[in-house]
Amino acid sequence: MSRRKLSRRQFVAATALSSAALIAAPYVRGAHAAGKLTMGFWDHWVPGSNKASTDLVNEWAAKEKVEVSIDYIPSQGNKNLLTIAAEAQAKSGHDILAMPSWWPHANSELLEPVNDIMQTLLQQNGNVNSAVQYLGQLDGKWLGVPTCVGSQIKGPCSRIDLMKKYANIDVQEMYPAGAAPKADNWTMDTFLKAAEACHKGGFPFGIGLGETTDNVDTAGAIFQSFGANLVDAKGNLTVKTDAVRQALDFYKKLIAFLPPDVSAWDDASNNKWLVSGRGAMIMNPPSAWAVAKRDAPQVAEQCWTHGFPKGPKGRFAPFLPYFWTTWSFSKNKEAAKSLLVYLSQSAAVEKMVNASGGYDLPAFEKQTTFKVWAEEGPPKGTLFHYPDPYKQQTLSIAASPAPPKVAQQIYAQATLTKMCLRYYQGEAMEKTLAWAEGECEGFMRS
Amino acid sequence: MVDVAFQPNRVAGAKSARKRSSLKTALKRKSTAAFLMTLPLILLITILVLYPAIYSLHLATLNKSMQRFIGLGNFEFLFKRDTFWLVVKQSCIFAITAVVFKALIGFIVAHFVHNIPAKGQRKWRGMLLVPWVIPPAMSTLAWLWLFDPSYSAFNYTLSFFGIGPIPWTGDANWARFSVILVNIWYGAPFFMIMYLASLKSVPDQLYEAAAIDGANWWQRIWYVTLPMMRNIIAITTLFSLIVTFANFDIVRILTAGGPLDHTHIFATWAFRIGIEGSDIPLGASVSLFMVPILAVAAIFILRDVNKRGNEA
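The structure presented is a predicted model; accordingly, all values stated were derived computationally and were not measured.

Asker: Help me understand the overall build of chain A in this model?
Answerer: Secondary structure assignment for chain A yields 20 helices and eleven strands. Each principal axis of the C-alpha distribution contributes one length, and for chain A these read about 100 × 50 × 45 Å. Buried residues in chain A amount to 52% of all 446 residues. Intrachain contacts of chain A at a sequence separation of at least 6 include 78% that bridge at least 24 residues.

Asker: When you look at the overall build of chain B in this model, what are you seeing that I'm missing?
Answerer: Looking only at helices and strands, one finds 14 helices and zero strands in chain B. Ordered by position from N to C terminus, the α and β elements of chain B give α-α-α-α-α-α-α-α-α-α-α-α-α-α. The globule rule puts the C-alpha radius of gyration for 312 residues at 20 Å, and the 26 Å found for chain B is more than 25% above it. With respect to the three principal axes, the spread of C-alpha positions in chain B is 95 × 70 × 30 Å. Looking at the 312 residues of chain B, the share that counts as buried comes to 32%.

Asker: Is there a simple way to think about the environment of Leu-248 of chain A in this case?
Answerer: Along the chain, Leu-248 of chain A falls in helix α11 (residues 242-255). Separated by 26 residues in sequence, Leu-248 of chain A and Ile-222 of chain A place their C-alpha atoms 9.7 Å apart.

Asker: I tried to follow the sheet that holds strand β7 (residues 156-159) of chain A on my own but got confused; where do I start?
Answerer: Remark on secondary structure: sheet strands pair via backbone hydrogen bonds, oriented parallel or antiparallel. Residues and elements named next belong to chain A. With antiparallel pairing, the three strands of this open sheet are ordered in space as β8-β7-β9. Where the open sheet ends on each side, the last strands, each with one partner, are β8 (281-283) and β9 (303-305). In this sheet, neighbouring strand axes are inclined to one another by 20° on average, regardless of whether the strands run parallel or antiparallel. Relative to β8, β7 runs antiparallel, the two sharing three bridges. Counterpart to Pro-156 in the pairing with β8 is Met-283.

Asker: Is there a simple way to think about the domain arrangement of chain B in this case?
Answerer: Accessible area lost when the parts come together is the quantity often used to give the size of an interface. Split into domains, chain B comes out as domain 1 (3-59) and domain 2 (73-309). On a C-alpha basis, the centres of domain 1 of chain B and domain 2 of chain B stand 40 Å from each other.

Asker: Can you walk me through the confidence of the model for chain B in this structure?
Answerer: Any segment with low pLDDT has predicted coordinates that should not be analysed in fine detail. Residues and elements named next belong to chain B. For chain B, the average pLDDT comes to 87, and 91% of its residues sit at 70 or higher. Taken as a whole, residues 1-8 scores under 50 in pLDDT and shows nine contacts with residues more than four places along the chain or in a different chain. Model confidence for the complex is summarised by a pTM of 0.85, with the ipTM given as 0.84.

Asker: I keep staring at the interface of chain A and chain B and nothing clicks. Help me out?
Answerer: Counting residues at the interface gives 30 residues for chain A and 22 residues for chain B. At the level of elements, α3 (79-90), α12 (269-275), α18 (404-412), α19 (415-424) and α20 (429-443) of chain A are the ones that each hand at least two residues to the side of chain A that touches chain B. Residue composition of the side of chain A that touches chain B, by class: eleven nonpolar, eleven polar and eight charged.

Asker: How do you make sense of unusual backbone geometry when you look at a structure like this?
Answerer: Phi is mostly negative for residues that are not glycine, and the peptide bonds are mostly trans. Residue Pro-378 of chain A is joined to Pro-379 of chain A through a cis peptide bond whose omega torsion reads -15°. Mapped onto the secondary structure, Pro-379 of chain A falls in the loop between α17 (372-375) and β11 (394-396). Omega for the bond connecting Ser-400 of chain A with Pro-401 of chain A falls within 30 degrees of zero, at 10°, which places this linkage in the cis form. Here Pro-401 of chain A shows up in the loop between β11 and α18. One non-glycine residue, Ala-399 of chain A, lies in positive phi territory at about 80°. Following the sequence through the fold, Ala-399 of chain A ends up in the loop between β11 and α18. Of the residues examined, Ala-399 of chain A has 29 C-beta atoms within 10 Å and is grouped as buried. Positive phi is not limited to glycine here, since Ala-256 of chain B has a value of about 55°. Inspection of the secondary structure puts Ala-256 of chain B in the loop between α11 (249-254) and α12 (266-276).

Asker: Is there a simple way to explain the nonpolar core in this structure?
Answerer: The tendency in soluble globular proteins is for nonpolar side chains to be buried as a group. One finds Ala-247, Tyr-251, Leu-339 and Cys-420 of chain A to be the most contacted residues of the largest nonpolar core, which totals 140 residues. Judged by nonpolar contacts, the second largest core, of 46 residues, contains Ile-180, Phe-245, Val-251 and Phe-271 of chain B.

Asker: What's the story with helix α13 (residues 287-295) of chain A in this structure? I'm lost.
Answerer: For an α-helix, the turn length of 3.6 residues means that residues three or four places apart are oriented alike. Turning to α13 of chain A, its buried residues number three or more, namely Ala-288, Trp-289, Ala-290, Ala-292 and Lys-293 of chain A. On its buried side, α13 of chain A packs onto β7, α12, β8, α14 (297-300) and β9 of chain A.

Conventions used here
Counting restarts for each chain, with residues numbered from 1 along the sequence as it is written. Chains carry letters from A onward and ligands carry numbers from 1 onward, assigned in written order. Totals for whole chains, interfaces and linings use every residue, but because this is a predicted model, local features are given only for residues with pLDDT of at least 70 and side-chain atom pairs only at 80 or more, for both listing and counting. Secondary structure elements are defined from DSSP: runs of H or I of at least 4 residues count as helices, runs of E of at least 2 residues count as strands, and each element is numbered from the N terminus. Here a residue counts as buried when 20 or more other C-beta atoms sit within 10 Å of its C-beta, as exposed when there are 12 or fewer, and as partly exposed otherwise, the C-beta atoms being derived from the backbone. It is the C-beta atoms, placed from the backbone, that decide contacts: two residues are in contact if theirs lie within 7 Å. Note on method: radius of gyration uses C-alpha positions; expected globular size equals 2.2 Å times residues raised to 0.38. Only when DSSP finds a minimum of two bridges between them are two strands counted as paired. Fitted lines through C-alpha atoms give the axes, limited to the stretch in contact for helices. The angle between two N-to-C directions lies from 0 to 180 degrees. Note that domain bounds follow an automatic or database assignment of domains. Each residue carries a pLDDT score, the predictor's own confidence in it, on a scale running from 0 to 100. Gly is put with the polar residues, along with every residue not named as nonpolar or charged; the nonpolar set is Ala, Val, Leu, Ile, Met, Phe, Trp, Tyr, Cys and Pro, and the charged set is Asp, Glu, Lys and Arg. Note on definitions: a nonpolar core is a set of buried residues drawn from Ala, Val, Leu, Ile, Met, Phe, Trp, Tyr and Cys, linked by C-beta atoms within 7 Å.

Dropping the structure here:
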């Protein structure tokens with residue numbers, strides 16, 4: 001076989017020619033000229049919600065000539081948390097990844113700041129609620145863009161008939177559809193009396209004391225309404241305070257009126273409690289109501305979502321946001337930011353909220369008055385007060401205002417519900433406080 | 001294994017030819033062939049077992065933000081935590097109780113099955129293996145329904161007899177009982193099948209000789225069956241102990257470690273700390289804590305098995 005020999009001069013000339021040709025060639029804008037973008041979105045439990053997100057992403061991709069691929073990652077079995085941990089370790093993964101509540105802070109060193117787009121979005125859509133400000137920022141750096149998909153308030157969902165019959169409370173009158181709440185008397189004392197009355201009537205409130213998020217979120221809001229924090233914003237231990245003692249005393253009284261098995265409840269238990277018709281109230285986003293609408297319509301017709309009772313230090317409600325984040329090692333940060341801005345426009349957000357049947361809650365002020373919450377039913381207006389349209393609650397997350405990396409430990413270890421259970425089961429108050437203080441000291445390791 | 005070339009008498013000429021021939025010889029050695037054939041598995045184990053194991057060791061030496069080497073600092077921290085010692089205690093209770101009962105039930109059932117006439121034995125063996133064949137994540141979901149705090153099928157049944165309701169997963173002791181029970185249910189068939197295989201290999205002549213000597217039922221078990229099954233019992237127990245200590249799915253699904261951390265074992269607590277609490281180095285340290293203890297146990301048990309093997 002003959003082989004032509006390439007001289008050094010020929011090689012240099014050929015390289016120079018081909019380089020010149022590449023540089024001088026006209027820029028051809030192909031179908032995916034702006035590159036590729038991969039997304040890991042939360043896998044929504046409401047049928048059709050993922051499709052709404054996909055359609056919006058495809059609209060943007062067609063306009064921007066970007067090749068997109070979306071993975072919908074479920075939170076069942078903490079698959080999403082495992083994906084976040086794996087991508088953080090591998091320093092490789094999706095360009096945009098949905099992270100729940102604490103995870104932007106947990107990965108703050110690896111996230112691309114999004115201050116540039118957040119400034120624009122805040123101007124357009126109004127301010128974000130206090131929970132999102134706490135969870136989404138670190139030293140003035142925005143770690144992600146809050147998304148409505150999966151974000152929720154876990155407020156009370158009451159049975160209209162049972163609350164009227166046993167507690168003499170008309171929840172529809174207290175939180176009328178289409179109008180401001182008249183909830184001045186809806187306090188922790190009233191709540192406790194209602195819990196007692198419904199317990200006596202055979203329909204106890206379904207508030208769990210297990211170690212999963214629904215249980216912890218309710219405890220967090222109740223503790224905060226008493227001003228009870230285990231660790232303050234500066235990282236000081238504040239366990240042994242009167243506020244914490246008051247909150248524990250309140251919980252001890254409340255637990256006596258709850259179902260006897262609440263210490264074993266998980267996030268599904270309260271939903272089942274409402275749907276089965278056994279309870280007069282649970283603390284949950286409207287997912288339980290949505291399931292009841294399908295499986296027990298007679299129960300759904302009597303459900304009304306409303307605000308939290310007010311404590312001595314205010315009215316607090318748990319807000320669990322999701323953030324869309326971009327890794328600092330992402331290969332297409334600019335395209336990712338462009339898509340995030342597109343998906344945060346009110347028109348896009350409204351499409352996603354509508355697709356979720358009102359379950360998803362935007363964090364931006366101007367996006368909490370979409371029609372869907374007023375129109376959803378039965379009964380019509382049942383979700384009107386779900387997004388807290390009159391801003392009468394302080395939206396927060398359990399264990400805040402502790403530094404987020406400490407608070408995440410308090411939250412994940414369910415220290416609040418464990419304290420309540422220990423005290424209720426007969427442990428001395430000071431012993432419970434000493435135990436919690438020891439736990440919190442451990443959580444402060446860096 | 002005899003480690004010789006297939007063609008050892010080949011005559012070498014020039015130096016290069018000798019080199020080539022020695023390569024050929026090496027390739028033709030049985031040990032080389034064996035190594036090459038196991039190479040894919042060695043690579044697989046290196047990638048999927050060895051690398052993660054070394055990586056988790058590395059993780060366990062880092063601080064919470066994984067930016068600083070702190071040596072054994074994580075273990076030092078753990079040793080000061082009450083919850084950690086609670087988890088150690090519970091892991092031991094969980095693993096030892098479950099393995100003892102699995103071995104006991106496996107042994108008894110294996111004898112029953114062994115005594116069933118050969119014709120119907122296969123059916124029974126198949127049926128008894130069902131719990132072990134179903135993926136535990138799935139079967140535990142069924143148990144979760146049976147133990148559900150508000151809608152327990154067990155409690156529903158017991159209510160007809162005026163018993164209960166029992167807080168299967170709501171009370172610390174009942175919750176421990178429940179997770180151990182499910183683990184026994186899942187693992188006993190493995191013991192049963194191993195013991196059955198072992199029983200079948202005990203020569204009948206030994207029993208005949210024992211019967212002639214006037215040995216009763218208990219003496220036959222104690223002096224014939226058990227000594228003949230010693231090795232299989234040791235290996236099965238060791239294997240099961242390691243697997244039970246590392247259990248995750250049953251506890252995670254049934255109780256998630258609650259109530260008040262009273263059912264947490266190493267894997268579930270490591271997951272709680274590492275993944276849910278975003279403290280991966282501490283989670284890695286928790287999961288690695290048992291490695292030296294189990295390794296020492298493994299060395300002793302396997303050494304004993306070897307010794308007995310040689311005696312035989």
